[in-house]
2 protein chains.
Amino acid sequence: MYADAVYDAGGRLIRTQGVTAPAGFRAAGIPAAIKANGNPDLALVFNEGPDLVAAGVFTTNKVKAAPVLWSQQVLTSRALRAVILNSGGANACTGPGGFQDTHATAEAVADALSNWGTETGAGEVAVCSTGLIGDRLPMDKVLAGVQEIVHELAGGISGGTDAAYAIMTTDTVPKQTALHHDDKWNVGGMAKGAGMLAPALATMLCVVTTDVVATADQLDTALRHATRLTFDRLDIDGATSTNDTVLLLASGASGITPTQDELDAAVLAVCDDLAAQMMADAEGVTKRVTVTVRGAASESDALIGARTVARDSLVKTALFGSDPNWGRVLAAIGIAPIELDPDKISVRFNGSPVCVDGVGAPGAREVDLSGIDIDLDIDLGIGDAEVSIRTTDLSHAYVEENSAYSS
Amino acid sequence: MYADAVYDAGGRLIRTQGVTAPAGFRAAGIPAAIKANGNPDLALVFNEGPDLVAAGVFTTNKVKAAPVLWSQQVLTSRALRAVILNSGGANACTGPGGFQDTHATAEAVADALSNWGTETGAGEVAVCSTGLIGDRLPMDKVLAGVQEIVHELAGGISGGTDAAYAIMTTDTVPKQTALHHDDKWNVGGMAKGAGMLAPALATMLCVVTTDVVATADQLDTALRHATRLTFDRLDIDGATSTNDTVLLLASGASGITPTQDELDAAVLAVCDDLAAQMMADAEGVTKRVTVTVRGAASESDALIGARTVARDSLVKTALFGSDPNWGRVLAAIGIAPIELDPDKISVRFNGSPVCVDGVGAPGAREVDLSGIDIDLDIDLGIGDAEVSIRTTDLSHAYVEENSAYSS
């Protein structure tokens, strides 16, 4: 299920395709001058139907951006015709005026699609925004961009890829993937997210599309199952953004109704691949780290333990220095509020034992961590539960990128 | 009560004095070749009496170093004749052999003091260690050092200062302070700690001495009151070490019995000054940051909120960049598991409003944070509780120092 998987869930994962891989979807991405640097900053994903079923998962942050509040409200109908996404501004902490901006954007998309030939209401349009918190969006540019982007909607590879580019902020590469199930039905997705990644989603926006026939309950089940095992287990710096949104839209255009298990597996595979792409492109990453806690008393304990280690600045700086400093791993797991026995903890770096039953193993200081991938495996030795969290090291580049973001 | 306070609790704080400022205490610090670089690495604090009353507070980490396990056991008698401290090795995660090393060290100190003329049992000797986790101590050097250090015990300024130097690891300056209460009784202290500072103490060792006449219960009350308000509110990186120890020893040599309030205030003033010195010397610090959460529903909410912001990597890197990025502050407080209303939160940097009722204030991006001291004040606007946490920025120097510590 990791970064290099190309086959899964009975299908092929292809990263050159995204939200337009399933039948019934068009997309576009354009520069609308929301970003000062002229890069693409506005994306639209359009569901041609026949079905308009949708599900969504949103940030758990109590401070929610205007587009999150809007999209949560829209999703109560469990149907979406379109998703409009912008980079260049988060529209978070912008008060009632910011919410009116989001509402006006959805209205403009609905009007433009209606004029274009598909009768659409604002209540069928989800809005996603990403960028700096606290500033109002340049609405003249957003609204002009909406008029333009409707005419750029395209199926095939190019539309989805353009959209994936337009939602990038500090991402260095677009992130998309598509799964083709026995060449009969498809799931495609795109995502952005490079910092503030954790713990329940991230400053991540993700749109997943599929051409299966499914109820909103089935989509919701598949999406929650997938996000719990993928984006929720990606923890770069413990930060959770105000704008996190993951949407799943189904067009029904394939005419196929998969089983819940098949749908779960396919959505999981797409989300897992997008999560791997986000880890690989996280801000300042020089190491791709998987922290596994096994032998825990419960899955909850394993998750809390792995997350605690994945967030520990002293562990993360040691990994940046390729230093197998297992003592910091024990100090980190020791503050996790979980059941543990210090004398039963064993630790491996890339398969090499560095600590056995709480005591250092011979040769522990000589384990080679100079490669880019690091597996940190912690066995608590008291139960059967196991969870892995994807994270990164804490590098000079992380400090550099995050100390100069808004200024 | 902050870094530059020199008068408090009816007395004068003098940083050129430490654990030997109170009557009845001697101390010493020597190089014993535990550290490879030849710097001082062994310290002894000796209580001449007449009283030997003591109290202690230890790490909350479930992974506890051998000296912590030993000293907790010794403290059940609520009396200490001496404290032996070493830098150059934490003696943590060293198994039963490591515990035997600690026991042997206490036995050696007891024997040496007995030979020197003060009958002492190993059960009256606390042991503190700091340094790299996971390696056994070079016991030949520790035991030879113990024989030597007993003969170096001195009162006055020099003994205490030598001890403060000998417990330094990545500290760049020794940390000590003394309070003279109306020239009648005294409290002195020394501490080390520069990284892994949080949340309940740190890789910090601290010995506080006093010449008052007090019961163990009175000392315990004063020490827990002081650590709760000082070391527990110093949070550099969310890490809590395996070795944290704070000890308070009373000799009774002044013959004075202060009230509990007087003792509490004096111990608090000494611990507060040592905590300020630790913040100022934290690894890689370029900014001294005080995060205050006020207007909270409860003190617990204020504490959790302030700690959450103080640990947020995106807030800390922004402060390193002198960037008044208040949106990250709102995103950080929004994930704290506390009662809050996003539309009532106001934020000030160094007194300047940057966010009022959840929305950016005019001029917010222009607030000057180029100085070394930053006050970050968050008003939740829903209650009366207030807590301040001391922290630092997240700088290149932090990454550098912590990526190269053990290798």
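Keep in mind that this is a model prediction, so the values were computed, not measured.

It is worth spelling out the sheet that holds strand β15 (residues 359–360) of chain A at this point. In sheet architecture, strand pairing relies on hydrogen bonds along the backbone and comes in two forms, parallel and antiparallel. Residues and elements named next belong to chain A. Reading across from one edge, β15-β14-β13-β16-β12-β17 is the order of the six strands in this open sheet, with mixed pairing throughout. Since the sheet does not close on itself, it has two edges, and those belong to β15 and β17 (385–392), each with one partner. Pairing of strand β12 (residues 288–296) with β17 involves seven bridges; the strand directions are antiparallel. In the strand pairing of β17, Arg288 is matched with Thr392. Packing against the sheet, helix α7 (residues 299–311) makes contact with β12, β16 (373–379) and β17, and its axis sits at approximately 25° to β17.

Time to look at the domain arrangement of chain A. All names here are of chain A. Each assigned domain of chain A is listed with its residue range as follows: domain 1 (7–280) and domain 2 (288–403). The C-alpha centroid of domain 2 is placed 33 Å from the C-alpha centroid of domain 1. Contact with domain 1, which involves 15 residues of that partner, is made by 16 residues of domain 2. Each partner contributes to the roughly 1,400 Å² buried at the junction of domain 1 and domain 2, and carbon and sulfur atoms together form 47% of this total.

This brings us to the state of the cysteines. What the rule picks out here adds up to zero disulfides over all chains. With no disulfide of its own, Cys93(B) lies closest to Cys355(A) among cysteine sulfurs, the gap being 6.0 Å. Judged by its relative accessible area of 8%, Cys93(B) is buried.

With that settled, the discussion passes to the packing of helix α8 (residues 313–320) of chain B against helix α9 (residues 326–333) of chain B. Working note: a packed helix pair is described by the angle between its axes plus the distance between those axes. Residues and elements named next belong to chain B. Taken N-terminus to C-terminus, the directions of α8 and α9 make an angle of 160°; their axes are 9 Å apart at the nearest point. Regarding the angle of α8 to α9, the classification is roughly antiparallel. Both α8 and α9 take part in a crossing whose hand is left-handed. Within the contact between the two elements, α8 uses Leu314, Val315, Thr317 and Ala318 and α9 uses Arg328, Val329 and Ala332. The residue makeup of the contact of α8 with α9, split by class, is five nonpolar, one polar and one charged.

Here we take up the UniProt feature "binding site: substrate" (unreviewed entry) in chain A. Residue and element names in this part refer to chain A. The sites that carry the UniProt feature "binding site: substrate" (unreviewed entry) are, in the present numbering, Thr169, Lys192, Thr203, Glu283, Asn402 and Ser407. For Lys192, the position within the fold is in strand β9 (residues 185–192). In this structure the side chain of Lys192 is engaged in a polar contact, spanning 2.9 Å, whose partner is the side chain of Thr130.

Let us now look at the relation of the copies chain A and chain B. When chain A is fitted onto chain B, the two copies agree to an RMSD of 0.1 Å after a turn of 180° and an axial shift of 0.0 Å. Such a combination of turn and shift is consistent with a two-fold rotation axis. Considering only C-alpha atoms, the residue of chain A closest to the rotation axis is His396(A), which sits at 2.8 Å. Counting the interface residues of chain A, we find that 100% of their copies in chain B are interface residues as well, pointing to one common contact surface.

So, how was this worked out
What you see as residue numbers is a count from 1 along each chain, following the sequence as written. Here the convention is simple: chains get letters from A, ligands get numbers from 1, in the order in which they are written. Only residues with pLDDT of at least 70 get local features here, since the model is predicted, and only at 80 or more are side-chain atom pairs given and counted; chain-wide, interface and lining totals rely on the full set of residues. Side-chain metrics in this entry use all non-hydrogen atoms of the structure; hydrogen atoms and water are not considered. Criterion used throughout: strands pair if DSSP finds at least two bridges between them. Strands here are runs of E lasting at least two residues and helices are runs of H or I lasting at least four, both read from the DSSP assignment and numbered beginning at the N terminus. Contact between two residues is taken to exist if any of their heavy atoms lie within 4.5 Å; hydrogens are not considered. Axis definition: a line fitted to C-alpha atoms, over the contacting stretch in the case of helices. Angles run 0 to 180 degrees between N-to-C directions. Throughout, the edges of the domains are those of an automatic or database domain assignment. When two components associate, each loses some accessible surface as probed by a 1.4 Å sphere; the sum of these losses over both components is called the buried area. A pair of sulfur atoms, both from cysteines and within 2.5 Å, is called a disulfide here. A 1.4 Å probe rolled over the protein chains alone gives each residue an accessible area, and that area as a share of the maximum for its type sets the label: buried under 20%, exposed over 50%, partly exposed in between. Just so you know how the angles are binned, under 35 degrees is roughly parallel, over 145 roughly antiparallel, 65 to 115 roughly perpendicular, and the rest oblique. Crossing handedness: left-handed means the near helix sits turned counterclockwise from the far one by under a right angle, and right-handed means the same turn made clockwise. When residue character is reported, Ala, Val, Leu, Ile, Met, Phe, Trp, Tyr, Cys and Pro are called nonpolar, Asp, Glu, Lys and Arg charged, and the others, Gly included, polar. UniProt positions are given in the numbering used here, feature names are shortened, and annotations may be inferred rather than shown by experiment. The definition of a polar contact used here is a pair of N or O atoms within 3.5 Å, where within protein one atom must be able to donate a hydrogen and the other to accept one, and adjacent residues in sequence count solely through side-chain atom pairs. Least squares is used to superpose the copies, and the fit set is the C-alpha atoms of residues whose pLDDT is at least 70 in both copies.

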